[in-house]
Amino acid sequence: MKHLAERARQVIPGGVNSGQRSIPGLTDLVITHAAGARFRDSQGREFVDYHAAFGPPLLGHNDPDVSAAVAEAGRTVDLCGVGVTAGEVELAETLAELVPSVEKVLLTSTGSEATFHALRVARAATGRRLVVKFQGCYHGWHDAVSLNVISAPEKVGTHDPISTGILPEVLQATLVLPFNDAEAVRRAFAEHGDDIAAVILEPVPHNVGCLLPEQEFLETLRAECTRAGSVLIFDEVITGFRHHLGGWQAISGITPDLTTMGKAIANGYPVGALGGRADLMELFSSRPGGPAFFAGTYNGQPAVVAAALATLRKLREEPVHEHVFRLGERIRTGLAEVFASLDIPALVTGYGSVFVGYFMTGPARTYDDLLRNDANMFIGYRRRLLEHGVFELPLNLKRSHVSYAHTDADADHLLEAAASAASLARG
Ligand code: PLP
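1. Looking at the pairing of strand 10 (residues 272-276)
At step 1: Taken across its five residues, strand 10 has five buried, putting it largely inside the fold.
At step 2: Burial along strand 10 is two-sided: the face carrying Gly272, Leu274 and Gly276 and the face carrying Ala273 and Gly275 are both buried.
At step 3: Two elements, strand 4 (residues 104-108) and strand 10, share five bridges in a ladder whose sense is antiparallel. Across the sheet, the residue bridging to Leu107 is Ala273, located in strand 10.
At step 4: Where strand 9 (residues 258-261) lies against strand 10, four bridges are found, and the strand directions are antiparallel. Bridge assignment links Thr260 to a residue of strand 10, and that residue is Leu274.

2. A closer look at helix 11 (residues 320-341)
At step 1: Over its 22 residues, helix 11 extends 31 Å from the first C-alpha to the last, a length consistent with the 32 Å expected when each residue adds 1.5 Å.
At step 2: For helix 11, the complete set of buried residues consists of Val320, His321, His323, Val324, Leu327, Gly328, Ile331, Arg332, Gly334, Leu335, Val338 and Phe339.
At step 3: Two residues or fewer past helix 11, Asp343 is found with a positive phi of approximately 60°.

3. A closer look at the side chain of His117
At step 1: Secondary-structure assignment places His117 in helix 4 (residues 111-126).
At step 2: Looking at His117, the relative accessible area reads 8%, which means it is buried.

4. A word on the site of the ligand
At step 1: The local shell around the ligand consists of Thr110, Gly111, Ser112, Tyr138, His139, Gly140, Glu202, Asn207, Asp235, Val237, Ile238 and Lys263.
At step 2: Ser112 is positioned such that a nitrogen or oxygen atom in its side chain is 2.6 Å from an oxygen atom of the ligand.
At step 3: In this structure, an oxygen atom belonging to the ligand sits 3.0 Å away from a side-chain N or O atom of Asn207.
At step 4: Across the complex, the protein chains shield 85% of the 390 Å² of accessible surface that the ligand would expose by itself.

5. Details of the sheet that holds strand 3 (residues 46-49)
At step 1: Taken together, the four strands give an open sheet; going across it, the order is 1-2-3-13, and neighbouring strands pair in mixed fashion. Strand pairing shows two members of the sheet lacking a second neighbour, strand 1 (31-35) and strand 13 (390-391), which therefore form its edges.
At step 2: Here strand 3 pairs with strand 13 via two bridges, running parallel. Looking at strand 13, one finds that Val48 is bridged to Val390.

6. Section: the environment of Phe234
At step 1: With respect to the helices and strands, the residue Phe234 is situated in strand 8 (residues 231-235).
At step 2: What makes Phe234 buried here is its relative accessible area of 0%.
At step 3: Spatially, the C-alpha atom of Phe234 lies 8.0 Å from that of Gln249, the residues being 15 residues apart in sequence.
At step 4: Here Phe234 is in contact with Leu201, Pro203, Leu218, Gln249, Ser252, Ile254, Pro256, Leu258, Thr259 and Thr260, once residues within four sequence places are set aside.

7. Remarks on the environment of Leu29
At step 1: As for its position among the elements, Leu29 is in the loop between helix 1 (4-11) and strand 1.
At step 2: Among residues more than four places away in sequence, those in contact with Leu29 are Asp41, Arg45, Phe47 and Phe391.

8. Things to note about the sheet that holds strand 11 (residues 347-351)
At step 1: Spatially, three strands are ordered 11-12-14 in an open sheet, and the strand pairing comes out antiparallel. The open sheet has two edge strands, strand 11 and strand 14 (400-401), and neither has a second partner.
At step 2: The sheet contact formed by strand 11 and strand 12 (residues 354-358) spans five bridges and is antiparallel. By the bridge assignment for strand 12, Gly350 is matched with Phe355.
At step 3: Against the sheet, helix 11 makes contact with strand 11 and strand 12, and its axis sits at roughly 175° relative to strand 11, the strand it touches most.

Definitions and cut-offs
Residues numbered from 1 in each chain as written. Predicted model: local features only at pLDDT ≥ 70, side-chain atom pairs only at ≥ 80, totals over all residues. Heavy atoms only, no water. Buried < 20%, exposed > 50% of the residue type's maximum accessible area, 1.4 Å probe, protein only. Helix = DSSP H or I, 4+ residues; strand = E, 2+ residues; numbered from the N terminus. Pairing = 2+ DSSP bridges. Expected span 1.5 Å × (residues − 1). Near = heavy atom within 4 Å. Polar contact = N/O pair within 3.5 Å; in protein donor to acceptor, adjacent residues only side chain to side chain. Areas by Shrake-Rupley, 256 points an atom, 1.4 Å probe, with all protein chains shown as cover. Contact = heavy atoms within 4.5 Å. Axes fitted to C-alpha atoms, helices over the stretch in contact; angles between N-to-C directions.

Treat this as a map of the structure, not an account of what it does.
Written out as structure tokens, the structure reads:
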């Protein structure tokens, strides 16, 4: 019988269902089991998983409480596509209680849909054209934000789409600025303020590893948006619930007008959410007469909502953040020591449960700084980690995550593997 991966390539372009799931150097990866901090493949290989599907399973894979809630939902109500369920109300109330900016909230199935609708309603509210995003931030696959994520050095400072097939006039309606550059923000508002509908950012750009935001930068964004009447959107699809139950806005004390959420809300089930100021949210067509069209067949799907409620309950009731923050710090400190002991220039950074080791010297304030990272070493090191059964995605600048299911023994194993992988990768 043909290997499943081979069959997949016959009928699925590239054999996988999303970009960046096909890993050079790890051929024929067919996943068969995932539980806790580990996954296994059809060849019997087992990996301690720090990739975590780009972020959702903060509790670990197939968390038993989340799985039980989903099974129970499957016995109660599936999708009726009319009215509302008790779970949707409870989830909306919980999000409004936890996230400072959220007065009203709508559910989507993905983070991309949430950011799409955030920009749509910002344009609807302001009647303006331009969107500001930052180099290194990713907000999903739709056209307005599909540019300038991981750019080659010569593309920084120019429009750099991540896809073909996007109308140039759509790209031109997005201004791209350097992250953590308050002066560039002030200049953009001085020049275009009257036409800026929205500013969208990952408050911590984790799609390029980890650039920690400077408080003055966030304060400038808030002040300029308020002054110009532009909508400030925090895309907390990664930072939300993972770094704090109230997201980065609770950590920084800067309240955006709209917040997009996803990933860790439901520990792996497909959910996104868009919430914020009531006057903006009331523009959506979920309210009869709302001028900004909003729809989605699967929005608020009961099993997904049950997964979210079970996840949020566990995040509130158990010491999840305490555990992942402690383990994350242990790993960051341990990796820095490992690389230093080998005389390998490295900057190990991150926040809470997220860690990334760049092979460069600091600082890491802006995307430009990350151009100093030794991409060959970054990828080579992670490929060597695979030989030790440790999975950190072997693609340049990708972050890694600790879950509630990872243990100190897992951290010990990672640090041992790191020493061997780094010295071999250096060659
Ligand atoms: N926003 C951020 C910050 C993300 O990291 C992602 C996905 O990685 C998205 C939005 C898009 O979310 P989704 O993949 O659920 O559409």
